[in-house]
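Notes for the structure review
These are the residues of each chain, in order.
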Amino acid sequence: MAQERSAQELYRDDPERADAEVFGRRGALEGPALQAMEAAVGAPIPAAASLPPGTLPAAIARPGAQSATNPAALNLPGKARLLVHDETPLCAETPEVLLDEAVTSAPNMFIRNNGGIPPEVADPQAWRFVVDGEVNAPLSLTLGELQSRFPVVTRQLQLECGGNGRAFHQPAARGNPWGNGAISNGAWTGVRLRDVLQAAGLKPSARFTGHYGADPHLSGEAGKVSIARGMRIEKALDEDTLLAFALNGAPLPRLHGAPLRLVVPGWPGSLSQKWLTRIWVRDAPHDGPGMGGTSYRVPRHPVIPGSAQDGRGFVELESMPVRSILTSHAHGARLAGGTRHLDLRGAAWAGDLSVQAQHVSLDFGATWQPMTLFPAANRHAWQRWQGRVAVPADGYYEVWYRATDSAGRMQPHAAANWNPQGYGANPISRAAVFIGDPLAATA
Ligand SMILES: Nc1nc2c(c(=O)[nH]1)N[C@H]1C(S)=C(S)[C@@H](COP(=O)(O)O)O[C@H]1N2
Ligand SMILES: [Mo]
């Protein structure tokens, strides 16, 4: 391998030749090729023998939260330094290490807006929302009435953007390039949508919902809707679908939908309408902005990545796919020389399903070690995991982490089922970890 060219350049120009040069005919990194790769990452690679051909180390390949190419950190009162993907509308992702709490605190919650942010409401109790459409008796209720008429429940619920993981799609898909951090697991307090729909009385024709909120459209046009999505009535009747007015024991923060929002756990976050004003019960699938075409829809059969698609042959994205995060160590973390084990922690979830196993690999996937996986606080909450893994020597490691859902589906090695708006990407994640002073180690 030509020493003067970085591994990165080599792979960019001709990946096949790069593989042949870097890994050799036997498919293993050794000799000068290994030295060049170690120089590129800046540390010895103890598990190099099991680095699969074609796998560029994550320290080089994955931009990740810690690299200089990252979006700027959010600077907003009441919020942590999230990674800003967009300012208008405001969209910001939570670095995985900030999701180390069992219950996500409000400052650490990711933010996803499609429109503006409505002004603070002077009297939240007087906030009014309506249920109409295919019901026997349309309702118009204030938040105060909602709280006094229906049982109030508190549940830990995952709220995950439908586009979480989009950045892993190749070629790049349209939209905010979320890594794994468009997820939260707050303790939400509210009433069940089911109870309210039953009070209104569902007609036999009640098969879908449509959701409306008070956020202004970015165009400034009065009455124009930013986003109005809807779901099958079965999900609306799930006991975990809430009309929430409190988060972690405090009133809802304005950014997260005060005074009232939907929380539809396990399905695309876009269903969890903030600043909720109306639920329209319908006899046909809702057709508001964010419905139809390629919006929150994925191919039934895989399409050619990057090809033009209009959504024909696509199906609704409903229950989100299995995913895990590593919250104990940041991608690119540097630990003291002589460290001989890692205490790893994280979370995993799988939409409407649960997670049956969490594994990590420290040798590029050659061997996998089961982690201790804790039960969810309740259905639709994420599950925490932890475990100790041994590290044989100083050098460059990657923590590969992957969850398996209760139906036996595992996070895949690469994002699958490409689609223009980049939904459903849940590949195995890789965090680079350096042990020891990399300069001393390569000297
Ligand atoms: N009214 C309204 N509700 C909304 C949105 C929006 O733009 N307007 N964005 C949705 C999307 S796409 C997501 S992922 C979640 C994010 O919720 P959060 O900002 O509280 O984390 O809110 C959803 N609810
Ligand atoms: Mo979203």
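Worth saying up front: this structure is predicted, and the values here are computed from it rather than measured.

The next point concerns empty space enclosed by the protein. Counted by the stated rule, this structure contains 1 cavity of 30 Å³ or more. Considered as a void within the structure, the largest cavity measures approximately 290 Å³ in volume. Around the largest cavity, the lining comprises 21 residues; the ones closest to its centre are Arg112, Arg261, Gly269, Ser272 and Lys274. When its residues are assigned to classes, the lining of the largest cavity shows 8 nonpolar, 9 polar and 4 charged.

What follows is about the pattern of salt bridges. Taken as a whole and judged by the stated rule, the model has 18 salt bridges. Across the pair arginine 345 and aspartate 100 runs a salt bridge, and its minimum N-O distance is 2.9 Å. Residue arginine 345 is found in strand S17 (residues 341-349), and its partner aspartate 100 is found in the loop between strand S2 (90-93) and strand S3 (111-112); the two are separated by 245 residues along the sequence. In this structure, arginine 379 engages aspartate 240 in a salt bridge whose closest nitrogen and oxygen atoms are separated by 3.7 Å. With arginine 379 in the loop between strand S20 (372-373) and strand S21 (383-390) and aspartate 240 in the loop between helix H7 (233-236) and strand S9 (242-247), this pair connects stretches of sequence that are 139 residues apart.

Core analysis: the biggest nonpolar cluster contains 30 residues, and Phe129, Val131, Leu146, Leu193, Val196, Leu243 and Leu260 have the highest contact counts within it. When contributions to this core are tallied by element, the ones reaching two or more residues are strand S4 (128-133), strand S5 (139-142), helix H5 (143-149), helix H6 (193-200), H7, S9 and strand S12 (276-282). Ranked by the residues each element gives to this core, the list is headed by H6, at 4 residues. Residues in contact with leucine 193, not counting those within four places in the same chain, are Met231, Ala236, Thr241, Leu242, Leu243, Leu262 and Ile279. Of all hydrophobic cores here, the second largest spans 20 residues; its members include Leu326, Tyr401, Ala403 and Ile435.

Of all the residues in H6, the buried ones are Leu193, Asp195, Val196, Leu197 and Ala200. Downstream of H6 by a residue or two, glycine 201 has a phi angle that is positive, lying close to 80°.

Judged from the 8 bridges that link them, S17 and S21 form a sheet pairing that is antiparallel. The residue bridging alanine 347 from the neighbouring strand is arginine 384, located in S21. Taken together, the 2 bridges between S20 and S21 define a ladder with antiparallel strand orientation. Its bridge partner lying in S21, leucine 373 is registered against tryptophan 385.

This part takes up the sheet that holds strand S16 (residues 333-335). If you walk across this open sheet you meet the 5 strands as S16-S23-S22-S18-S19, and the pairing is mixed. Edge positions in the sheet fall to S16 and strand S19 (369-370), since each has one partner strand and no second. Judged from the 2 bridges that link them, strand S18 (residues 355-361) and S19 form a sheet pairing that is antiparallel. Within S19, the position partnered with valine 360 by the bridge is glutamine 369.

All right, on to the UniProt feature "domain: Moybdenum cofactor oxidoreductase dimerisation" (unreviewed entry) in the protein then. Mapped onto the present numbering, the UniProt feature "domain: Moybdenum cofactor oxidoreductase dimerisation" (unreviewed entry) falls at residues 318-432. Helix makes up 0% of residues 318-432 and strand 43%, whereas the separation of the span's terminal C-alpha atoms amounts to 32 Å.

The next subject is the domain arrangement of the protein. Domain assignment breaks the protein into domain 1 (2-61) and domain 2 (102-443). In this complex, domain 1 contributes 17 residues to the contact, which on the side of domain 2 involves 18 residues. Counting the surface lost from both domain 1 and domain 2, the interface buries some 1200 Å², and carbon and sulfur atoms represent 73% of this. Per-residue buried area on domain 1 facing domain 2 is highest for Pro44, Pro46 and Ala58; these three make up 34% of the total on that side. In this structure, the connection of domain 1 to domain 2 is made through 6 residue pairs in polar contact (both at pLDDT 80 or more). Elements that contribute at least two residues to the side of domain 1 that touches domain 2 include exactly helix H3 (31-41) and helix H4 (58-61).

A separate point is the UniProt feature "domain: Oxidoreductase molybdopterin-binding" (unreviewed entry) in the protein. In the UniProt entry, the feature "domain: Oxidoreductase molybdopterin-binding" (unreviewed entry) is given for residues 118-288. The span residues 118-288 carries 11% helix and 31% strand; its end-to-end C-alpha distance comes to 20 Å.

Turning our eyes to something else, we now look at the state of the cysteines. Overall, the coordinates contain 0 disulfides when judged by the stated rule. Here cysteine 91 stays free of any disulfide, with the sulfur of cysteine 161 as its closest cysteine sulfur at 7.9 Å.

Close to ligand 1 lie 17 residues, the nearest being Phe110, Asn114, Asp215, Arg261 and Lys274. Contact between ligand 1 and phenylalanine 110: an oxygen atom at 2.7 Å from a main-chain N or O atom of the residue. Arginine 261 has a polar side-chain atom sitting 2.7 Å from an oxygen atom of ligand 1. For ligand 1, the protein covers 100% of the area, taking 540 Å² as the surface of the free molecule. Cavity membership is defined here by more than half of the atoms lying within 2 Å of grid points; on that basis ligand 1 lies in the largest cavity. A per-class count over the shell around ligand 1 returns 6 nonpolar, 7 polar and 4 charged.

Reading the values: rules and limits
- Residue numbering note: each chain is counted from 1, following its sequence as written.
- Key to labels: chains lettered from A, ligands numbered from 1, both in the order written.
- Only residues with pLDDT of at least 70 get local features here, since the model is predicted, and only at 80 or more are side-chain atom pairs given and counted; chain-wide, interface and lining totals rely on the full set of residues.
- Side-chain measures were taken over the full set of non-hydrogen atoms in the model, leaving aside hydrogen atoms and water.
- Buried and open spaces are told apart on a 1 Å grid over the protein atoms alone, a cavity being a set of points where a 1.4 Å probe fits but cannot get out and a pocket being an open set with protein on both sides within 12 Å along at least five of seven lines. Residues with an atom within 4 Å of a point are the lining residues.
- Grid points are joined across faces, edges and corners, and a volume is the space filled by probe spheres set on the points.
- For this classification, the nonpolar set comprises Ala, Val, Leu, Ile, Met, Phe, Trp, Tyr, Cys and Pro, the charged set comprises Asp, Glu, Lys and Arg, and every other residue, Gly included, is treated as polar.
- Should a side-chain nitrogen of Lys or Arg be within 4 Å of a carboxyl oxygen of Asp or Glu, the pair is scored as a salt bridge.
- The numbering of helices and of strands both runs from the N terminus, where a helix is a DSSP run of H or I of at least 4 residues and a strand a run of E of at least 2.
- The term nonpolar core refers to a set of buried residues drawn from Ala, Val, Leu, Ile, Met, Phe, Trp, Tyr and Cys, joined through side-chain atoms within 4.5 Å.
- Each residue is assigned to one of three classes by its accessible area relative to the maximum for its type, calculated with a 1.4 Å probe on protein chains only: buried under 20%, partly exposed between the two thresholds, exposed over 50%.
- Contacts are assigned to residue pairs with any non-hydrogen atoms lying within 4.5 Å of each other.
- In short, DSSP must find at least two bridges between two strands for them to pair.
- UniProt positions are given in the numbering used here, feature names are shortened, and annotations may be inferred rather than shown by experiment.
- Residue ranges for the domains trace back to a domain assignment, done automatically or taken from a database.
- For any pair of parts, buried area is found by adding up, for both, the accessible area (1.4 Å probe) each one loses once the two are put together.
- The term polar contact refers here to a pair of N or O atoms within 3.5 Å; inside protein, the definition further demands a hydrogen-donor-capable atom paired with an acceptor-capable atom, and it admits residues adjacent in sequence only when both atoms are side-chain atoms.
- Disulfide assignment relies on a single distance test, namely cysteine sulfur atoms paired within 2.5 Å.
- Residues are counted as near a molecule or strand when any one of their heavy atoms sits within 4 Å of it.
- Accessible areas in this description were obtained via Shrake-Rupley with a 1.4 Å probe; residue shielding takes into account the shown protein chains only.
- Think of it this way: a molecule belongs to a cavity or pocket when more than half its atoms come within 2 Å of the grid points there.

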